[in-house]
Amino acid sequence: MIDNNKKEAAIKTKIIALTKIIMQLEKCNEQNAYKRLATTHLYGLILNKNTGLYLEPIEFIVKAYEIERTKSIDEMVQFISSDI
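Residues numbered from 1 in each chain as written. Predicted model: local features only at pLDDT ≥ 70, side-chain atom pairs only at ≥ 80, totals over all residues. Heavy atoms only, no water.

Details of the environment of Thr40
For clarity, the threshold we go by: Strands here mean DSSP runs of E at least two residues long; helices mean DSSP runs of H or I at least four residues long; both are numbered from the N terminus. Each residue is placed in one exposure class: buried if its accessible area under a 1.4 Å probe, protein chains only, is under 20% of its type's maximum, exposed if it is over 50%, and partly exposed if it falls in between. Two residues form a contact once any of their heavy atoms are found within 4.5 Å. Pairs of N or O atoms within 3.5 Å make up the polar contacts considered here, provided that, within protein, one atom can donate a hydrogen while the other can accept it, and that residues adjacent in sequence are counted only when both atoms are side-chain atoms.
Relative to the assigned elements, Thr40 resides in the loop between α2 (30-38) and α3 (41-47). Classification of Thr40 as buried rests on a relative accessible area of 16%. Apart from residues no more than four positions distant in its own chain, Thr40 is found in contact with Tyr65 and Glu68. For Thr40, the side chain forms a polar contact with the main-chain oxygen of Leu37, separated by 2.6 Å.

So, the pattern of salt bridges
Keep this limit in mind: Each salt bridge in this description consists of a side-chain nitrogen of Lys or Arg and a carboxyl oxygen of Asp or Glu lying within 4 Å of one another.
Scanning the entire structure with this criterion turns up three salt bridges. Its salt-bridge partner being Glu8, residue Lys49 comes within 2.7 Å of it at the nearest N-O pair. Taken together, the residues Lys49 in the loop between α3 and α4 (58-70) and Glu8 in helix α1 (residues 4-26) connect sequence positions 41 residues apart. Assessed through its relative accessible area of 25%, Lys49 is described here as partly exposed.

Dropping the structure here:
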């Protein structure tokens, strides 16, 4: 079992990596990219240690972000649920 400190570190790493990718995808600065991420449903799911999203590859997280951004929260949750 992974201890809480390692979970927190993994979650922070995912958030940082996704923020950097959003900067590239949406051509914005770090602050705006983080704001965009923080307003998503996905952000809350990543922060929730019980979902285990911190264990998923960043490519999976990016795909989930893109689905939420371009389609809907429901479709993003369905995508995540189909893999977990």
